[in-house]
There are 2 protein chains.
Amino acid sequence: MLSSSDNSYIHKKVISIGTVCELTGLSERQIRYYEERELIFPKRSNKGNRKYSFSDVEALMDIANKMEDGLQTSDLRKEITSKRLGEQKSESKEQMIRGQLNAYFKRRQ
Amino acid sequence: MLSSSDNSYIHKKVISIGTVCELTGLSERQIRYYEERELIFPKRSNKGNRKYSFSDVEALMDIANKMEDGLQTSDLRKEITSKRLGEQKSESKEQMIRGQLNAYFKRRQ
DNA sequence: CGTGTAAGGAATTCTGACACG
DNA sequence: CGTGTAAGGAATTCTGACACG
């Protein structure tokens, strides 16, 4: 029971950051920052250029949505960790609620 | 009955030429030349950079093999056209034989 | 015919830092 | 905390052309 399908190409790291920006609507700054916070893990080419897979792109779109909902990168980091431990359901429910509350108060400002 | 599978990502043109070189072992020059001969059709980014799909990469590896077998780009061009017309079998058989003969004589030189 | 290469320019990407808040 | 930006450098990509054969 895998969450992401194992189509030969989805995990190949071949897309450079500019193209990822176009696909996700995120800025380079945001994408690099999410890497710094260990939410995504691009490969590096010989000369040091970041290379992303389609699954990275999917992950980034998910991250973008959750950030909009008011979650913090630390929340998303925990989510990734707890996914590994199989405790996803209860954890993410809390975070979903917290995010929605955050978003609510942001709009009220 | 499609020859290439329709996995969401295989046809997305997101790979830049340098990465295609790494994936195929071909030079930039060769890849651009095969485009000039209308064997592949990359997209262009806003600023004019070529973007290839995984299916383009597969096509290039096929092209590379056939060029090694002694076929010419014009042969491969015909092959593509005849594929569209559904006359693939007889045509490609001739070309295969021609290619093998060419390769044979090349080695004899 | 198919491919290498030098040429010059334009666009891409990288890092570390300052800024705001 | 998350993101924008200016800075300077290095690597990428592009086109048109000459070369060999």
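Up top is the structure.
Because the structure is predicted, anything quoted here is derived from the model rather than measured.

Definitions and cut-offs
- Residues numbered from 1 in each chain as written.
- Chains lettered and ligands numbered in written order.
- Predicted model: local features only at pLDDT ≥ 70, side-chain atom pairs only at ≥ 80, totals over all residues.
- Heavy atoms only, no water.
- Near = heavy atom within 4 Å.
- Polar contact = N/O pair within 3.5 Å; in protein donor to acceptor, adjacent residues only side chain to side chain.
- Helix = DSSP H or I, 4+ residues; strand = E, 2+ residues; numbered from the N terminus.
- Nonpolar A, V, L, I, M, F, W, Y, C, P; charged D, E, K, R; others polar.
- Expected span 1.5 Å × (residues − 1).
- Buried < 20%, exposed > 50% of the residue type's maximum accessible area, 1.4 Å probe, protein only.
- Salt bridge = Lys/Arg side-chain N within 4 Å of Asp/Glu carboxyl O.
- Pairing = 2+ DSSP bridges.
- Contact = heavy atoms within 4.5 Å.
- Buried area = accessible area lost by both parts, 1.4 Å probe.

Draft legend 1. Structural detail: the protein's contact with DNA strand C. Not every one of the 20 residues close to DNA strand C is listed here, only the nearest: R50 of chain A together with S27, Y33, Y34 and T73 of chain B. Between S27 of chain B and DNA strand C, the recorded distance is 2.7 Å, taken from a side-chain N or O atom to a phosphate oxygen. Contact distances for DNA strand C include 3.0 Å between a phosphate oxygen and a side-chain N or O atom of R37 of chain B. Only helix 1 (17-24) and helix 2 (28-36) of chain A together with helix 2 (28-36) of chain B provide two or more residues apiece to the surface near DNA strand C. Per-element accounting of the surface near DNA strand C gives the leading share, four residues, to helix 2 of chain B. Of the residues contributing to the surface near DNA strand C, the split by class is four nonpolar, eight polar and eight charged.

Draft legend 2. Representation of helix 4 (residues 73-85) of chain A. Residues and elements named next belong to chain A. Given a rise of 1.5 Å per residue, 13 residues ought to cover 18 Å, and the 19 Å separating the end C-alpha atoms of helix 4 matches this to within 8%. Buried residues of helix 4: T73, D75, L76, E79 and S82, and no others. Backbone geometry just after helix 4 places G86 at a positive phi near 75°.

Draft legend 3. Geometry of the pattern of salt bridges. Applying the stated criterion across every chain, the model contains eleven salt bridges over all chains. Notably, a salt bridge pairs E35 of chain A with R50 of chain A, separated by 2.9 Å at the nearest N-O pair. Of this pair, E35 of chain A sits in helix 2 while R50 of chain A is found in strand 3 (residues 50-52), placing the two residues 15 residues apart along the sequence. Judged by relative accessible area, which is 18%, E35 of chain A ranks as buried. Among the ionic pairs, K66 of chain B bridges to E79 of chain B, the shortest N-O distance being 2.4 Å. In this pair, K66 of chain B sits in helix 3 (residues 54-68) while E79 of chain B sits in helix 4 (residues 73-85), placing the two residues 13 residues apart along the sequence. Here K66 of chain B falls in the buried class, since its relative accessible area comes to 17%. Among the charged side chains, a salt-bridge network with shared partners connects D62, K66 and E79 of chain A.

Draft legend 4. Summary view of the sheet that holds strand 2 (residues 43-44) of chain A. Residues and elements named next belong to chain A. The sheet built from three strands is open, its strands ordered 1-3-2 with antiparallel pairing. Looking along the sheet, the strands with just one partner apiece sit at the ends: strand 1 (15-16) and strand 2. Bridge analysis of strand 2 against strand 3 gives two bridges, and the strand direction is antiparallel. Bridge pairing links K43 to K51 in strand 3.

Draft legend 5. Local environment of the interface of chain B and chain A. Each partner contributes to the interface: chain B provides 14 residues, whereas chain A provides 14 residues. For the chain B face of the interface with chain A, the top three residues by lost area are Y9, V14 and F54 of chain B, together amounting to 49%. Applying the counting rule to chain B against chain A returns zero salt bridges. Scanning the region where chain B abuts chain A turns up four residue pairs in polar contact (both at pLDDT 80 or more). Taken together, the elements giving at least two residues each to the side of chain B that touches chain A come down to strand 1 (15-16), helix 1 (17-24) and helix 3 of chain B. Broken down by element, the residue count for the side of chain B that touches chain A peaks at three residues, all from helix 1 of chain B.

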